[in-house]
Amino acid sequence: MYNFDYSRPKSVADAVKAIAGDGDAKLVAGGMTLIPTLKQRLAKPSVLIDLGGIAELKGVKRDGNAVVIGAMTKHIDVANSSEVKSAIPALADLASHIGDPAVRNRGTIGGSISNNDPAADYPSAVVALNATITTTKRKIAADDFFKSLFETALGADEIVTSVSFPIPEKAAYMKFPNPASRYAIVGVFVAKTGGNVRVAVTGAGPGAFRWKEAEAALAKSWNPDALKALAVKPDGLNSDIHASSEYRAHLIGVMARRAVAKAG
Amino acid sequence: MPSVTLTVNGKKATAEVENRTLLVQLLREQLGLTGTHVGCDTSQCGACVVHVDGNSVKSCTLLAVQAEGANVLTIEGLANGSELHPMQAAFREHHGLQCGFCTPGMVMSAVDLAHKNKNPTEHDIREWLEGNICRCTGYHNIVKAIKAGAEAMAGAR
């Protein structure tokens, strides 16, 4: 690991000050991706700005018809939150299957979505539930947030502060995990919110994406069988040692049907 | 050089570290607590699991400076003098190890599980261990040991 300066601001305002004007500064949330990246010398930040000491970024609250999760809320705290479990059990379920217990004790929602790993779990929930991401500068709709592989709409000195999830009528997440890392080889989040159906797929492409044919079919009939006739084309899907693009295309259909069945 | 002060196994410790020093390096190389192992060094195998403020974390994926002020518990801090912690005793009783390399991490993970789930089922234990890899593949006895250790911990309360 290359060495770096380290700062641990106590407020969001101080974190913004610390990162402004330094293009080589990096924010660290839980560090579950960044620290391994540093160890491989794939990044050489001038300064690491640790958001771990900022209390205002942590916690879950109900806000009308939405659940708002602070960016530095750990996966374990989302998984165990009585607020999340009662309002959006599918989201608590997703958080309870990220990585492993030691990873869930450090990893955060803000870190996960800002990193936008193509196989991360959270982006599928953010897209399927049509969440709104609040940053230090603006509010960003889920469909505009995730750009491509490890790329988001965030500016260099913009920090995610919270994610607001509208409460769905029905939702569920199913993933086919990599047996070692527990990253999604394919994960599908289905949600029905205010009569609107959204289906988001992670792990299969360069980032989470919506499967619009499935959304249309489920809007007509919320039933796993409504997806039986649909086939996903493997063109452009990820292909690696874990799974070919054809296999991932097949898994999208299987996971989507299982998710609808699980949502009930 | 930055200095970090933390509590390790109930004792205050202060050390000079680099910002890039990992918690596991501080524990092993500066504090001499070599019971915490480095296996994969890529956050997957769990040999380096310690407790930070009561929760299991991978000490190879945490900077020492991030543990400033934290309460750290390592495998060396579990036993009460010469009396093994109930989870350690259960690993011995049920032969929950082969080569022993993964054992410190397994035991620390297991103690965290038993704190959070007083009566874990075999399924709970196997799911919990997804972040702890035993390359000897001795999982059956590890699971048995954790079940017995959790029961002993619940009984001791």
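Everything numeric in this text was worked out from a predicted model, so none of it was measured.

## Re the nonpolar core
Among the nonpolar cores identified, the biggest contains 40 residues, and I113, Y122, V126, F165 and F189 of chain A are the most heavily contacted of them. Residue contacts for F165 of chain A: discarding those within four places in its chain leaves N65, A66, V67, I69, I88, L91, I109, A125, V126, L129 and A131 of chain A. If you look at the next biggest cluster of nonpolar residues, it comprises 33 residues, including V28 of chain A together with L26, C48 and A64 of chain B.

## Here's the deal with the domain arrangement of chain B
All names here are of chain B. Assigned domains of chain B: these are domain 1 (3–77) and domain 2 (86–156). Where domain 1 abuts domain 2, roughly 1,200 Å² becomes buried across the two surfaces, and 59% of that area is made up of carbon and sulfur atoms. On the domain 1 side of the interface with domain 2, the three residues burying the most area are H37, H51 and I75, jointly 39% of the side's total. For the interface between domain 1 and domain 2, the tally reads zero salt bridges. Where domain 1 touches domain 2, the interface holds eight residue pairs in polar contact (both at pLDDT 80 or more). Those elements that place two or more of their residues in the side of domain 1 that touches domain 2 are β3 (49–52) and β4 (55–58). Counting residues per element, the side of domain 1 that touches domain 2 draws most heavily on β4, at three residues. Partitioning the side of domain 1 that touches domain 2 into residue classes produces six nonpolar, ten polar and one charged.

## Comments concerning the domain arrangement of chain A
Looking at the assigned domains, one finds that chain A contains domain 1 (1–54) and domain 2 (170–263). Computed over C-alpha atoms only, the centres of domain 1 of chain A and domain 2 of chain A are separated by 34 Å.

## A closer look at the side chain of S109 of chain B
Residues and elements named next belong to chain B. Relative to the assigned elements, S109 resides in helix α3 (residues 103–116). The buried category is assigned to S109, whose relative accessible area is 4%. Separated by 2.8 Å, the side chains of S109 and N132 make a polar contact. With residues near it in sequence (within four places) discarded, S109 still touches V49, W128 and N132.

Rules used in this analysis
Residues numbered from 1 in each chain as written. Chains lettered and ligands numbered in written order. Predicted model: local features only at pLDDT ≥ 70, side-chain atom pairs only at ≥ 80, totals over all residues. Heavy atoms only, no water. Core = buried A, V, L, I, M, F, W, Y, C linked by side-chain atoms within 4.5 Å. Buried < 20%, exposed > 50% of the residue type's maximum accessible area, 1.4 Å probe, protein only. Contact = heavy atoms within 4.5 Å. Domains from an automatic or database assignment. Buried area = accessible area lost by both parts, 1.4 Å probe. Salt bridge = Lys/Arg side-chain N within 4 Å of Asp/Glu carboxyl O. Polar contact = N/O pair within 3.5 Å; in protein donor to acceptor, adjacent residues only side chain to side chain. Helix = DSSP H or I, 4+ residues; strand = E, 2+ residues; numbered from the N terminus. Nonpolar A, V, L, I, M, F, W, Y, C, P; charged D, E, K, R; others polar.

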